[in-house]
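Remarks on the overall topology
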Amino acid sequence: MNPKPFLQIDRVIHEKGRLPIMSLLAAATDMSFTEMRDTLKMTDGNLSMHLKTLQEAGFVALAKSYRRQRPLTTCMLTPAGRKAFAAYIDLLEQIVREARGPK
Amino acid sequence: MHTDWALENLKTIRTLMERTAVYRRAMGPVMVVVGVTGLAAGALGAFLNLTPALPNVGYWIGVAVVCLLEACWMIRRQALKDAESFWSPPMRRVMQAVAPAFFAGAVAGLPFVFLRWETVNAVLLLMPAWMVFYGFAMHSAGFFMPRGFKLFGWGFVLGGVGVFAAIILGAKDGFWLSNQTVNWLMGGIFGGAHLAYGLYLLFTENGGNAS
C-alpha cells in the first residue's frame, strides 16, 4: 500500500478530541463554546485545550462577545481550517479507496 | 495495514456534520414571496366572497399548497445555484419537524369541507387552529434553522390563541365577522406576518446563503 497518504495526514486534526470539533465547525457557520461542549460531552478544560491547539494552528478563530450580559465565546473555522479539513477528508477517502483496491 | 480507522473517522465526521448542519437556505426571499401571495390571496378571497364552507376552506387550502410550492421552487433554485442537494440532511430534518403539525392542520380543515356548513364561517373557526398548528411547525423547524424561526412560531401560537379567545368572546356577544373581513384577516395575518419577517430577514441575512 502506498504510504504517502499516511504521511500527509494533518496531525493537528487527526486527534480523537480535535476531529469532532473540526467536524462540528465544518457543518455549522459558528458555534458557541457551551453548545460545542454539550454536544461533544467534553469538559471545559478539555475543550479549551483542543481549541487552543486548533487556534494556534490557524484552523479555528474565537470571537468573544456578550449575550444578555453574559460572556459568549463563539468558535468558527478559518478559511485555512476549512481547507485543511477538506484535505484531511480527501486523504481519508484516498486511504479507504486504496485499501479496497481497484475494482 | 489496517484502514478501518479511516472509515471510522469518515463515519464520525459524517454523523457529526449531519447532526450539526443548520438549514442554510436564505429564507428572506422565500418569506417575502409567500407573504405577498398570502396578502394577494386575502384580497382575492374577499373579492370572490366564497361563502359556503367547501369552496372557502378549499380556497385557503389551495393557497397554502401554492405557497408551499413557491417555497420549494425557490429553495430548489438556491440549492442548484450553490451546487448542493435540494433534499439535503438539514432539509430532511426540517421537513420531518414540520410534517406532524402540517398534517394535523390539514386534517383539522377536512371536517369543515365535508360537513358542508353553509351558515357558519368555517374559515373564521379554522383560522386560529391553523395559526397554532403553523406556529408548532415553525417552532419545530426552528431547532434546525436560525433562532428567529422559533420566535416566529411562538408568534403564531400566541396569535392563534388570541384570535380563538377573541372569536369565543365575540360569539358570546353575538358579534360575527363578515366573510370578506375573514378573508382579509386570513391574508393579513398569514401574509402580513410572512412579509414582515421576510423583510426583516432580507436586511439581516448576509447574501444568498445564511452561512
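Predicted model only: the values in this text are computed from it and were never measured.

**Regarding the overall build of chain B**
Of regular secondary structure, chain B possesses seven helices and zero strands. Starting at the N terminus and walking to the C terminus, you meet the elements of chain B as α-α-α-α-α-α-α. Taken over 211 residues, chain B has a buried fraction of 36%. Restricting the contact set of chain B to residue pairs at least 6 apart, pairs at least 24 apart contribute 84%.

**Structural notes on the overall build of chain A**
Broken down by element type, chain A carries five helices and three strands. The secondary structure elements of chain A, listed N-terminal to C-terminal, are α-α-β-α-α-β-β-α. The buried share of chain A, reckoned over its 103 residues, is 25%. Relative to all contacts within chain A whose residues are 6 or more apart in sequence, the contacts with residues 24 or more apart total 56%.

**Description of the nonpolar core**
Core analysis: the biggest nonpolar cluster contains 42 residues, and Val123(B), Ala137(B) and Ala141(B) have the highest contact counts within it. Of all elements in the fold, only helix 2 (28–48), helix 3 (53–81), helix 4 (89–114), helix 5 (122–141), helix 6 (148–172) and helix 7 (179–204) of chain B reach the threshold of two or more residues within this core. Per element, the largest residue contribution to this core is 14 residues, and it comes from helix 5 of chain B. Met22(A), Leu54(A), Tyr88(A) and Leu91(A) belong to the second-largest nonpolar core, a separate cluster that totals 24 residues.

**A word on the confidence of the model for chain B**
Residue and element names in this part refer to chain B. Scored by pLDDT, chain B has a mean of 82; 87% of the residues are at 70 or more. Across chain B, element-level confidence peaks in helix 2 with a mean pLDDT of 91 and bottoms out in helix 1 (residues 4–20) with 82. Within the model, the stretch residues 207–211 combines pLDDT values under 50 with 11 contacts to residues more than four positions away or in other chains. Overall fold confidence for the complex sits at a pTM of 0.66, while the interface term, ipTM, reaches 0.79.

**Examining the pairing of strand 2 (residues 60–67) of chain A**
Residues and elements named next belong to chain A. Bridging between strand 2 and strand 3 (residues 70–77) involves eight bridges; their strand directions are antiparallel. Among the inter-strand pairings, Ala63 is bridged to a residue of strand 3, identified as Thr74. Following strand 2, the chain reverses through two residues before pairing antiparallel with strand 3; Arg68 in that reversal takes a positive phi of roughly 50°.

**Notes on the environment of Ala193(B)**
For Ala193(B), the location among the structural elements is in helix 7. In this structure the C-alpha to C-alpha distance between Ala193(B) and Val34(B), which are 159 residues apart in sequence, comes to 9.8 Å.

**Looking at the packing of helix 5 of chain B against helix 7 of chain B**
Helices that pack against each other are described as a pair by the angle of their axes relative to one another and the distance between those axes. Residues and elements named next belong to chain B. In contact at an axis separation of 10 Å, helix 5 and helix 7 are set at 15° when each is read in the N-to-C sense. Here helix 7 runs roughly parallel to helix 5, going by the angle between their axes. Considering the relative orientation of helix 5 and helix 7, their crossing is left-handed. The segment helix 5 lies against helix 7, with Val123, Leu124, Met127 and Met131 engaging Val182, Leu185, Met186 and Ile189. Considering only residue class, the contact of helix 5 with helix 7 consists of eight nonpolar, no polar and no charged.

**Thoughts on helix 5 of chain B**
Across its 20 residues, helix 5 of chain B extends 28 Å between first and last C-alpha, which sits within 8% of the 28 Å expected from 1.5 Å per residue. When the local axis directions of helix 5 of chain B are compared, the greatest deviation, roughly 25°, occurs at Pro128(B).

**A short note on the packing of helix 2 of chain B against helix 7 of chain B**
Residues and elements named next belong to chain B. Between helix 2 and helix 7, the shortest axis-to-axis distance is 7 Å and the interhelical angle comes to 165°. Accordingly, the angle class assigned to the pair helix 2 and helix 7 is roughly antiparallel. Here helix 2 runs over helix 7; the crossing is left-handed. By residue class, the composition of the contact of helix 2 with helix 7 is 17 nonpolar, 14 polar and no charged.

**Some remarks on the interface of chain A and chain B**
Across the boundary between the two partners, chain A contributes 15 residues, which contact 14 residues of chain B. Among the secondary structure elements, those contributing two or more residues to the side of chain A that touches chain B are helix 2 (18–27) and helix 5 (79–100) of chain A. Tallied by class, the residues present in the side of chain A that touches chain B amount to 12 nonpolar, two polar and one charged.

**Overview of helix 2 of chain B**
Within an α-helix, residues lying three or four positions from one another point in the same direction, as the helix has 3.6 residues per turn. Residue and element names in this part refer to chain B. With 21 residues, helix 2 ought to run about 30 Å at 1.5 Å a step, and its terminal C-alpha atoms sit 30 Å apart, in line with that. Taken residue by residue, helix 2 has Val30, Met31, Val34, Gly35, Thr37, Gly38, Ala41, Gly42 and Gly45 as its buried positions. Down the axis of helix 2, the sector holding all buried residues measures 165°, keeping them to one side. Note on helix 2: the residue one or two positions beyond its end, Asn49, has a positive phi of about 50°.

Basis of the calculations
- Each chain has its residues counted from 1, following the order in which its sequence is written.
- Chains and ligands are labelled sequentially in the order written, the chains with letters from A and the ligands with numbers from 1.
- Where local features are concerned, this predicted model is filtered to residues with pLDDT of at least 70; where side-chain atom pairs are given and counted, the filter is 80 or more; whole-chain, interface and lining totals use all residues.
- Only DSSP runs of H or I reaching four residues or more are called helices, and only runs of E reaching two or more are called strands; each is numbered from the N terminus.
- Working definition of burial: number of other C-beta atoms within 10 Å of the residue's own, with buried at 20 or more, exposed at 12 or fewer, and partly exposed in between, all C-beta atoms being placed from the backbone.
- The contact criterion used here is simple: two residues whose C-beta atoms, placed from the backbone, lie within 7 Å are in contact.
- Residues of type Ala, Val, Leu, Ile, Met, Phe, Trp, Tyr and Cys that are buried and joined through C-beta atoms within 7 Å form what is called a nonpolar core.
- Per-residue confidence from the predictor is reported as pLDDT, which spans 0 to 100.
- One requirement defines pairing of two strands: DSSP has to find at least two bridges between them.
- Interaxial angles span 0 to 180 degrees and are taken between N-to-C directions of axes, which are lines fitted to C-alpha atoms, for helices over the stretch in contact.
- Roughly parallel here means an angle under 35 degrees, roughly antiparallel means over 145, roughly perpendicular means 65 to 115, and every remaining angle is called oblique.
- Two helices that cross are described as forming a left-handed crossing if the nearer one is turned anticlockwise from the farther one by less than a right angle, and a right-handed crossing if clockwise.
- Only Asp, Glu, Lys and Arg are considered charged, only Ala, Val, Leu, Ile, Met, Phe, Trp, Tyr, Cys and Pro nonpolar, and every remaining residue, Gly among them, polar.
- The span one expects for a helix is its residue count, reduced by one, times 1.5 Å.
- Two axes define the bend at a residue: one fitted to the seven residues ending there, one fitted to the seven starting there, and the bend is the angle between them.
- Summarising the geometry, the arc corresponds to the directions from the helix axis toward the C-beta atoms.

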